Amino acid sequence: MNCWLMKSEPDEFSIDDLKTRKTEPWSGVRNYQARNHMRAMRKGDEVLFYHSSCEVPGVVGIATVATEAHADPTQFDPKSDYFDAKSSHADPRWSLVDVKFKRKLKRTIALTELKDRPELNGFALVQRGNRLSVLPVTQAQRDFILSLE
């Protein structure tokens, strides 16, 4: 089993939204590296759900990958903010996975708490300038982050 971190702005889609909906397609990713990470996901992989661009950014919950990567339908919808005229049904440019709620953490594990921790050296989330919305997480990084709960 692999582990991933997926970022979402809570005013757009929060861990509480996922809890209510139970399963949700993770659509709208338009970065090739983040897309490739989603294409590497397997059903059952764990996801650390991260709130970004908010008062206290941090890890707020755990989800699982419910489906392996498939075409993101928003790329084909001209009315969508994520429409991509260069993408085709025969060779879709963008993918998504469905994410299933597992649990909320007892508290937010804030980004400020994770920075400068030697246990997280090399972890993209804490590196300056990293803005990817989907990141791989090693088992050691996952275990350390959740030990802070």
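In the block above lies the structure referred to throughout.
These numbers were taken from a predicted model, which means no experiment stands behind them.

**So, the sheet that holds strand 4 (residues 58-65)**
Strand order in this open sheet of 6 strands is 2-7-4-3-1-8, and the pairing throughout is mixed. Both edges of this open sheet fall to strand 2 (23-25) and strand 8 (134-137), since each of them pairs with a single strand only. Direction aside, neighbouring strands of the sheet carry axes that sit 35° apart on average. Here strand 1 (residues 3-8) runs beside strand 8; their pairing, made up of 4 bridges, is antiparallel. Bridging from a neighbouring strand, W4 pairs with P136 of strand 8. Its contacts with the sheet put helix 2 (residues 32-40) on strand 1 and strand 8, and the angle it makes with strand 8 is roughly 50°. Against the sheet, helix 4 (residues 139-147) makes contact with strand 1, strand 3 (46-51), strand 4, strand 7 (98-110) and strand 8, and its axis sits at roughly 95° relative to strand 8, the strand it touches most.

**Some words on the nonpolar core**
Core analysis: the largest hydrophobic core is formed by 40 residues, its most contacted members being L5, M6, L48 and V59. Ranked by the residues each element gives to this core, the list is headed by strand 4, at 5 residues.

**Observations regarding the state of the cysteines**
One pass over the full model with this rule turns up 0 disulfides. Free cysteine: C3, not disulfide-bonded; nearest cysteine sulfur from C54 at 19 Å. Judged by relative accessible area, C3 falls into the buried class, the value being 5%.

**Examining the pattern of salt bridges**
Inspection of the entire model under this criterion finds 11 salt bridges. The salt bridge partner of E46 is K102, with a shortest N-O separation of 3.7 Å. Linking E46 in strand 3 with K102 in strand 7, this pair joins segments that are 56 residues apart in sequence. Judged by its relative accessible area of 49%, K102 is partly exposed.

**Points about the packing of aromatic side chains**
Summed over the entire model, instances satisfying the criterion amount to 4 aromatic pairs. Arranged with centres 6.4 Å apart and planes meeting at 90°, the rings of F13 and W26 form a pair that is edge-to-face. Placement of F13 in the loop between strand 1 and helix 1 (15-21) and of W26 in the loop between strand 2 and helix 2 is noted, with a sequence separation of 13 residues between them. With relative accessibility at 8%, the residue W26 sits in the buried group. Ring-pair connections join several aromatic residues into one group, and the members of that group are F13, W26 and F49.

**Notes on the pairing of strand 3**
For strand 3, the tally of buried residues reaches 6 of 6 residues, placing the bulk of the element in the interior. Of the two faces of strand 3, both are covered, the one formed by E46, L48 and Y50 as well as the one formed by V47, F49 and H51. Both strand 3 and strand 4 contribute to a ladder of 6 bridges, which runs antiparallel. Each bridged residue has a counterpart across the sheet, and for H51 the counterpart in strand 4 is G58. Taking the residues between adjacent antiparallel strands as the criterion, strand 3 and strand 4 are bridged by 6 residues, where S53 takes a positive phi near 50°.

**Some words on helix 2**
Each α-helix turn comprises 3.6 residues. Residues three or four places apart therefore point the same way. Those residues of helix 2 lying buried are A34, R35, H37 and M38. Relative to the axis of helix 2, the buried residues are bounded by an arc of 155° and lie together on one face. Looking at the buried side of helix 2, the elements it contacts are strand 1, strand 6 (95-96) and strand 8. The N-cap residue of helix 2 is N31: its side-chain oxygen and the backbone nitrogen of Q33 are 2.9 Å apart.

Basis of the calculations
Residues numbered from 1 in each chain as written. Predicted model: local features only at pLDDT ≥ 70, side-chain atom pairs only at ≥ 80, totals over all residues. Heavy atoms only, no water. Pairing = 2+ DSSP bridges. Helix = DSSP H or I, 4+ residues; strand = E, 2+ residues; numbered from the N terminus. Axes fitted to C-alpha atoms, helices over the stretch in contact; angles between N-to-C directions. Contact = heavy atoms within 4.5 Å. Core = buried A, V, L, I, M, F, W, Y, C linked by side-chain atoms within 4.5 Å. Buried < 20%, exposed > 50% of the residue type's maximum accessible area, 1.4 Å probe, protein only. Disulfide = S-S within 2.5 Å. Salt bridge = Lys/Arg side-chain N within 4 Å of Asp/Glu carboxyl O. Phe/Tyr/Trp six-rings, centres within 6.5 Å; stacked < 30°, edge-to-face > 60°. Arc of directions from axis to C-beta. Polar contact = N/O pair within 3.5 Å; in protein donor to acceptor, adjacent residues only side chain to side chain.

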